[in-house]
Amino acid sequence: VRELWRNSSDSLTAWEKAATSPKADYYSLRESVPKLTNGPQLQSMIPSATTDDRGRFVLRGIGRQRVVELFVSGPEIETAIIKARTSDGDVVTVPHQFGFGAVSSMRETYQPRTFTHVAAPSRPLRGKVVDDETGNPVENVRVSAGSVTTFTSFGKSYLSATTRADGTFDLPGLSLSGDSLFVMPPRGSRYLPQGARPAFTKGDGPVTLDLRLTKAPIIRGRVTDDRNGKPVKAAIQYFAKSDNEFLARHPGFKQSGSHEVVTDEDGRFEIAVSPGEGYLSVLAFDHAKYKRAGQHPKGTFASPAAAPGMYRTYPSLLMVANFHHVEPVAIAPAANVESADQEIDIALGSGAEFIAEVVDADGKPVTDFVYLGESESSGWRTARDGKLFVRGYYEDRPREVIVFHKATNSAARLGLTGKAPRKLVVQLEPAASIRGRLLDDRGLPLANKKVFGDAVVKNDFGKPEYTWATDDQGRFGVLGILPGRKYSLWVMTSRGMVEFIAKDVATDSATGKDLGDITVK
């Protein structure tokens, strides 16, 4: 079992109903089973099964009323992902996405509890990885299957092999229609990762694919916190500029998906890079503590219409705002590759941190609140130990913090500017509501339609009571509205588009505002 989906009611009734909609797609079905379990914990919770001599298997321990993704692999068959559910019924097939004016060609199929899977044939792949200059074998290189077989990107190791001492590897279970392979050299090596695609010609027997890797310069460095000098745990990625002429020495790097290493306990890293111009990006594991990259490096825009800070690079586009730091690098080619190595130390700008206490209108402590604004990019959070935490705060970057207590429909807003306060007490005040009724263009009520809004509390933490939705008559009510503050509300249409139902609406008292009937296309 690769993934498991469920909902808080442990029932597939809503899923089965959603599957009958003429606009059903992968995403609408996901909404009815929003709780996901994946990763290595599933392998220990739910034992894998092996087919008997008739091809039959039984998977136990999944639980009732679940949707799962199954990973199927075996000798001489194509590895595949199968979606299924633990209930009886017909096979359900829907488009991957039904939106943006068109239906995607990709289809999603969900099998019932008992099904037959007809496995496509496969041929084993055998290959060898050697150093391009010396011809010597390269050991411990991971070769992973790509998107065709396992429907994943960047060589997730659902189907992978590691080269032996003689550089050889065997990889069964690939699709005969052609698979992308991701070739990942061992940590600390002088080789760049690369992508490859074997050619499956007609016939029987193994398919061969030999790969040559070229040594590259290495950048070594250390990532620290600029406030205290302590090491920072971070992911370091390398991007080569699209016009880097020296990428020809590493022809498969453009298709490698990504090139990333992680700092050690002392904040140190080393990563192989191509000669020529490129960038190193740094993304701290503690996302909230550090300022996002603001000084965009000089580079080539992906397109004239691209947002500032998006650059055409390989193996993927560089989105500067996704990282805490981006460092331009330029490596001069050298006959001796070791002489081109560089040292780069990077200090990340960390913000101040402080804790606030929340009290009600009478000054009594409140501990079961939720709040927005812990960091610049975080969503709604629940109180931790009854306290409000602000992290990564900078004097020159004002921040809005909103607190909401649902039991009393009370709220507060903080407009933080200047130096971080040493002590902060947030006092809640009565909050208002915005109400209305949603109708379709025939005048019929729109039931179970989720309502969203800027600075409106939403279900970011898995608690359904913080989801605002219409009832059977299309009526909705959004709580936590601060009198005097302007709000915009919207819904998602059946085509996956945003449609505003209110813009810049303000209330002047705790009684709130009734928007009346609103027609949604």
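Residues numbered from 1 in each chain as written. Predicted model: local features only at pLDDT ≥ 70, side-chain atom pairs only at ≥ 80, totals over all residues. Heavy atoms only, no water.

**Here's the deal with the overall build of the protein chain**
Argument step 1. For the protein chain, the helix and strand inventory stands at four helices and 39 strands.
Argument step 2. With the C-alpha coordinates aligned to their principal axes, the bounding extent of the protein chain is approximately 80 × 60 × 45 Å.
Argument step 3. Classification of the 521 residues of the protein chain by burial places 45% in the buried group.
Argument step 4. Looking at charge distribution, the protein chain has the averaged site of its 67 positive side-chain charges lying 3 Å from that of its 62 negative ones. (Helix = DSSP H or I, 4+ residues; strand = E, 2+ residues; numbered from the N terminus. Buried < 20%, exposed > 50% of the residue type's maximum accessible area, 1.4 Å probe, protein only. Lys, Arg positive; Asp, Glu negative; His and termini not counted. Charge placed at Lys NZ, Arg CZ, Asp CG, Glu CD.)

**What about unusual backbone geometry?**
Argument step 1. Put simply, Tyr314 and Pro315 share a cis peptide bond, and its omega is 5°.
Argument step 2. Its location among the elements puts Pro315 in the loop between strand 22 (313-314) and strand 23 (318-319).
Argument step 3. Phi angles above zero are rare outside glycine, and Asn448 is one such case at about 55°.
Argument step 4. Its location among the elements puts Asn448 in the loop between strand 34 (432-439) and strand 35 (452-453).
Argument step 5. Unlike most non-glycine residues, Ala455 shows phi in positive territory, near 65°.
Argument step 6. Counting through the fold element by element, Ala455 comes out in the loop between strand 35 and strand 36 (475-481).

**Brief notes about the confidence of the model for the protein chain**
Argument step 1. Per-residue pLDDT for the protein chain has a mean of 88; in total, 93% of the residues score no lower than 70.
Argument step 2. Note on residues 150-156: pLDDT is under 50 here. Beyond four places in sequence and across chains, it has 23 contacts.
Argument step 3. In the model, residues 295-307 has pLDDT below 50 throughout and makes 25 contacts with residues more than four positions away in sequence or in other chains. (pLDDT = per-residue confidence, 0-100. Contact = heavy atoms within 4.5 Å.)

**Comments concerning the sheet that holds strand 12 (residues 168-171)**
Argument step 1. If you trace the three strands from one edge of the open sheet to the other, you get 12-9-15, paired in mixed fashion. Each edge of the open sheet is held by one strand with a lone partner, namely strand 12 and strand 15 (207-213). Along the sheet, successive strands turn relative to each other by an average axial angle of 25°, direction set aside.
Argument step 2. Direction of pairing for strand 9 (residues 125-131) relative to strand 12: antiparallel, over a ladder of four bridges. Along strand 12, the bridge assignment pairs Leu125 with Leu171. (Pairing = 2+ DSSP bridges. Axes fitted to C-alpha atoms, helices over the stretch in contact; angles between N-to-C directions.)

**What to know about empty space enclosed by the protein**
Argument step 1. A complete count under the given rule lists one cavity of 30 Å³ or more for this structure.
Argument step 2. Taken as a whole, the largest cavity spans an internal volume of roughly 80 Å³.
Argument step 3. Partitioning the lining of the largest cavity into residue classes produces eight nonpolar, no polar and three charged. (1 Å grid on protein atoms, 1.4 Å probe; cavity = no way out; pocket = protein on both sides within 12 Å on 5 of 7 lines; lining within 4 Å. Points joined across faces, edges and corners; volume = space filled by probe spheres on them. Nonpolar A, V, L, I, M, F, W, Y, C, P; charged D, E, K, R; others polar.)

**Describing the pattern of salt bridges**
Argument step 1. Throughout the structure, instances matching the rule amount to 29 salt bridges.
Argument step 2. Taking the shortest distance from any N to any O, the salt bridge between Arg113 and Asp88 comes out at 3.2 Å. Taken together, the positions of Arg113 in the loop between strand 8 (107-111) and strand 9 and Asp88 in the loop between strand 4 (80-85) and strand 5 (92-95) put the pair 25 residues apart, joining distant regions of the chain.
Argument step 3. Between Asp170 and Arg164 there is a salt bridge whose closest N-O contact spans 2.3 Å.
Argument step 4. When salt bridges that share partners are traced, they join Arg2, Glu69, Lys83 and Glu108 into one network. (Salt bridge = Lys/Arg side-chain N within 4 Å of Asp/Glu carboxyl O.)

**Thoughts on the side chain of Asn409**
Argument step 1. Relative to the elements of secondary structure, Asn409 occurs in the loop between strand 30 (399-405) and strand 31 (410-416).
Argument step 2. For Asn409, the contacting residues outside a window of four places in its chain are Phe404, Glu429, Pro430, Ala431, Ala432, Leu479 and Gly480.

**With respect to the sheet that holds strand 30**
Argument step 1. Judged by pairing direction, the sheet is antiparallel, and its five strands sit side by side in the order 28-27-30-31-33 without closing on themselves. Two strands bound the open sheet, and with one partner strand each, they are strand 28 (380-382) and strand 33 (429-430).
Argument step 2. Note: strand 27 (residues 370-372) against strand 28, three bridges, orientation antiparallel. When the bridges of strand 28 are listed, Tyr371 appears paired with Arg381.

**Considerations on a nonpolar patch on the surface**
Argument step 1. Nonpolar side chains collect at one region of the surface, where Met492, Val498 and Phe500 lie side by side and expose about 250 Å² of accessible area between them.
Argument step 2. Topologically, Val498 is positioned in strand 38 (residues 498-505).
Argument step 3. On the basis of relative accessible area, Val498 is assigned to the partly exposed category, the value being 46%. (Patch = residues over 30% accessible without salt bridge, like charges linked within 9 Å, V, L, I, M, F, W, Y side chains within 5 Å. Areas by Shrake-Rupley, 256 points an atom, 1.4 Å probe, with all protein chains shown as cover.)

**Considerations on the environment of Arg249**
Argument step 1. Locating Arg249 in the fold gives a position in the loop between strand 17 (234-241) and strand 18 (260-262).
Argument step 2. Looking at Arg249, the relative accessible area reads 41%, which means it is partly exposed.
Argument step 3. A sequence separation of 29 residues divides Arg249 from Gly278, and the C-alpha atoms of the two residues are 15 Å apart.
Argument step 4. Apart from the residues lying within four places of it in its own chain, the contact partners of Arg249 are Thr214, Pro275 and Pro333.

**Some remarks on the packing of aromatic side chains**
Argument step 1. Per the stated rule, a full pass over the model turns up ten aromatic pairs.
Argument step 2. Between the aromatic rings of Tyr279 and Tyr311, the centroid separation amounts to 6.4 Å while the plane-to-plane angle is 35°, which identifies the pairing as tilted. Within this pair, whereas Tyr279 is found in strand 20 (residues 276-284), its partner Tyr311 is found in strand 21 (residues 310-311), the two being separated by 32 residues in sequence.
Argument step 3. Pairing Phe354 with Tyr393 gives two aromatic rings, centres 6.0 Å apart and planes at 85°, and the pair type is edge-to-face. One end of the pair, Phe354, is in strand 26 (residues 352-359); the other, Tyr393, is in strand 29 (residues 388-393), and 39 residues separate them in sequence.
Argument step 4. Sitting above the plane of the Tyr466 ring, Lys406 keeps its charged end 5.6 Å from the centroid. (Phe/Tyr/Trp six-rings, centres within 6.5 Å; stacked < 30°, edge-to-face > 60°. Lys NZ or Arg CZ within 6 Å of the ring centre and 35° of its normal.)

**Here's the deal with the nonpolar core**
Argument step 1. If you look at the biggest cluster of nonpolar residues, it comprises 28 residues, and the most contacted ones within it are Leu438, Val451, Leu489 and Ile501.
Argument step 2. Looking at this core, the elements that each hand over two or more residues are strand 27, strand 30, strand 34, strand 36, strand 37 (487-492) and strand 38.
Argument step 3. Ile501 has contacts with Leu438, Val451, Phe476, Leu489, Trp490, Val491, Leu515, Ile518 and Val520, leaving out every residue within four places of it along the chain.
Argument step 4. Counting residues in each nonpolar core, the second largest holds 26 residues, with Val223, Leu247, Tyr290 and Ile344 among its members. (Core = buried A, V, L, I, M, F, W, Y, C linked by side-chain atoms within 4.5 Å.)

**Quick notes on the pairing of strand 8**
Argument step 1. With two bridges connecting them, strand 4 and strand 8 associate as parallel partners. Its bridge partner being in strand 8, Ala84 is matched across the sheet by Gln111.
Argument step 2. Where strand 5 lies against strand 8, four bridges are found, and the strand directions are antiparallel. Each bridged residue has a counterpart across the sheet, and for Val92 the counterpart in strand 8 is Tyr110.

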